[in-house]
Amino acid sequence: MTTNSRDVFGVPCWVNLTAPGLAEAEEFYAGVLGWTFRATRLGENFRAALLDGRPVASVGALAPRLGVPTAWTPYFAVDDAEVTAARVRERGATMAVGPLAFATGRAALAADPSGAVFGFWEGEVVQEWHAGQEDAASWVELRTRDAFAAAVFYGEVLDWACERPGCCDVAYEHDHVVVRRGSQTVARIDAGAVENAPDPQVRPRWHVHFAVADLDGAIDRAVRHGGAAVTPVRSSPTDRRVTLRDRSGALFTISEGAV
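Under the annotation held in an unreviewed UniProt entry, the protein carries the name VOC family protein and is attributed to Streptomyces erythrochromogenes.

This part covers the overall build of the protein. Along its length, the protein carries 5 helices and 18 strands. When each of the 259 residues of the protein is scored for burial, the buried share is 50%. Taking contacts inside the protein between residues at least 6 apart in sequence as the whole, the part at least 24 apart equals 62%. Carbon and sulfur atoms provide 50% of the accessible area of the protein, an area that totals close to 11500 Å².

With that out of the way, let us pick up the packing of aromatic side chains. Following the criterion strictly, the structure yields 23 aromatic pairs and no others. Pairing F148 with Y172 gives two aromatic rings, centres 5.6 Å apart and planes at 35 degrees, and the pair type is tilted. Taken as a pair, F148 in helix α4 (residues 147-158) and Y172 in strand β11 (residues 169-173) lie far apart in primary sequence, 24 residues in all. Of the residues examined, F148 reaches a relative accessible area of 52% and is grouped as exposed. The interplanar angle of 85 degrees and the centroid separation of 5.0 Å between the aromatic rings of F153 and Y154 together place this pair among those described as edge-to-face. We classify F153 as buried; its relative accessible area is 6%. Sitting over the ring of F9, R164 keeps its end group 3.7 Å from the ring centre.

So, on to unusual backbone geometry. Cis peptide bonds are those with omega within 30 degrees of zero, and the linkage from G98 to P99 qualifies with 10 degrees. A positive phi angle is found at D52, which is not glycine, with a value near 55 degrees. By the secondary structure assignment, D52 is in the loop between β4 (46-51) and β5 (54-60). Given a relative accessible area of 79%, D52 falls into the exposed group. You will see that D159, though not glycine, has its phi angle at about 65 degrees, which is positive. When you line up the elements, D159 lands in the loop between α4 and β11.

Here we take up the pattern of salt bridges. Enumeration according to the criterion identifies 18 salt bridges in this entry. E173 is paired through a salt bridge with R180; the nearest N and O atoms lie 3.0 Å apart. Judged by relative accessible area, which is 26%, E173 ranks as partly exposed. For R180, a relative accessible area of 25% translates into the label partly exposed. In this structure, a network of salt bridges that share partners links the residues D79, R87, D159 and R164.

Here the focus is the packing of helix α1 (residues 22-33) against helix α5 (residues 215-224). In the contact formed by α1 and α5, the axes pass within 8 Å of each other and the chain directions differ by 150 degrees. Our classification of the angle between α1 and α5 gives roughly antiparallel. Two packed elements cross with a definite hand, and for α1 against α5 that hand is right-handed. On α5, the residues touching F28, G31 and V32 of α1 are A218, R221 and A222. Class assignment for the residues of the contact of α1 with α5 results in 4 nonpolar, 1 polar and 1 charged.

Now for the pairing of β5. When you tally the buried positions in β5, you get 6 out of 7 residues, the bulk of the element. One ladder, built from 3 bridges, connects strand β2 (residues 12-18) with β5; its direction is parallel. Bridge pairing in β5 places N16 opposite S58. Here β4 pairs with β5 via 6 bridges, running antiparallel.

The biggest cluster of nonpolar side chains holds 71 residues, and the ones touching the most others in it are W72, F120, Y154, F210 and I254. Here this core takes 7 residues from α4, the largest share from any one element.

Another aspect to go through is the layout of surface pockets. Its volume calculated, the second largest pocket comes out at about 500 Å³. Surrounding the second largest pocket, 24 residues form its lining, P69, A71, G115, V117 and R205 being those nearest its centre.

Reading the values: the criteria
- Residues numbered from 1 in each chain as written.
- Predicted model: local features only at pLDDT ≥ 70, side-chain atom pairs only at ≥ 80, totals over all residues.
- Heavy atoms only, no water.
- Helix = DSSP H or I, 4+ residues; strand = E, 2+ residues; numbered from the N terminus.
- Buried < 20%, exposed > 50% of the residue type's maximum accessible area, 1.4 Å probe, protein only.
- Contact = heavy atoms within 4.5 Å.
- Areas by Shrake-Rupley, 256 points an atom, 1.4 Å probe, with all protein chains shown as cover.
- Phe/Tyr/Trp six-rings, centres within 6.5 Å; stacked < 30°, edge-to-face > 60°.
- Lys NZ or Arg CZ within 6 Å of the ring centre and 35° of its normal.
- Salt bridge = Lys/Arg side-chain N within 4 Å of Asp/Glu carboxyl O.
- Axes fitted to C-alpha atoms, helices over the stretch in contact; angles between N-to-C directions.
- Parallel < 35°, antiparallel > 145°, perpendicular 65-115°, else oblique.
- Left-handed = near helix turned anticlockwise from the far one by under 90°.
- Nonpolar A, V, L, I, M, F, W, Y, C, P; charged D, E, K, R; others polar.
- Pairing = 2+ DSSP bridges.
- Core = buried A, V, L, I, M, F, W, Y, C linked by side-chain atoms within 4.5 Å.
- 1 Å grid on protein atoms, 1.4 Å probe; cavity = no way out; pocket = protein on both sides within 12 Å on 5 of 7 lines; lining within 4 Å.
- Points joined across faces, edges and corners; volume = space filled by probe spheres on them.

Laid out in structure tokens, this is it:
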């Protein structure tokens, strides 16, 4: 089932892997996370990833054609992609790709003033995919140098904390920013990334998280399929998580426990 981006504006509405090719990505994520894949209306270069029949993410074999790096990227729902692109430019950030027209809407890639890459989408969105829902299969988190400045930028670009009904609320809690729509946390912004650091783990970046039932087993499968763990396992009172690199170099985080 689908709805429209106007109905959930400002919310992360999808996550996509921009990959060199589909076959290698499908083999890796099927082996590591148990995903299955199907064709989409976006064209032959895209596949939707499913877990137990439920939409989780997509893979687009567009990296070589668009000249963009292999990476996981969150997409935020917007009313008008052209208006959003203009807001990005007006605030000193960078439009990297688009907006481009697809069968079901328009998409664009941008980089915020600190260099963190994000996407936005105008058009149909997958109703079954809800960032922030209790049993979410994936969720997103920005790690950047200045969480307050980032919240201002994204708030102005994506209409967070605005006067419109249904907009996302922004709260500052314990040195990080929590973005909520209603009672659901849909994104987080954490401070502390180091400027110009050579390690991509500490550069400003949107982190895409996927839930797993067995963290250690998923790490073992990732290594067997040509990936690697790039951080130690981090434990908290609510979860355990680790950041992995897939065979093509894309970083993603897997978490066992509460979201």
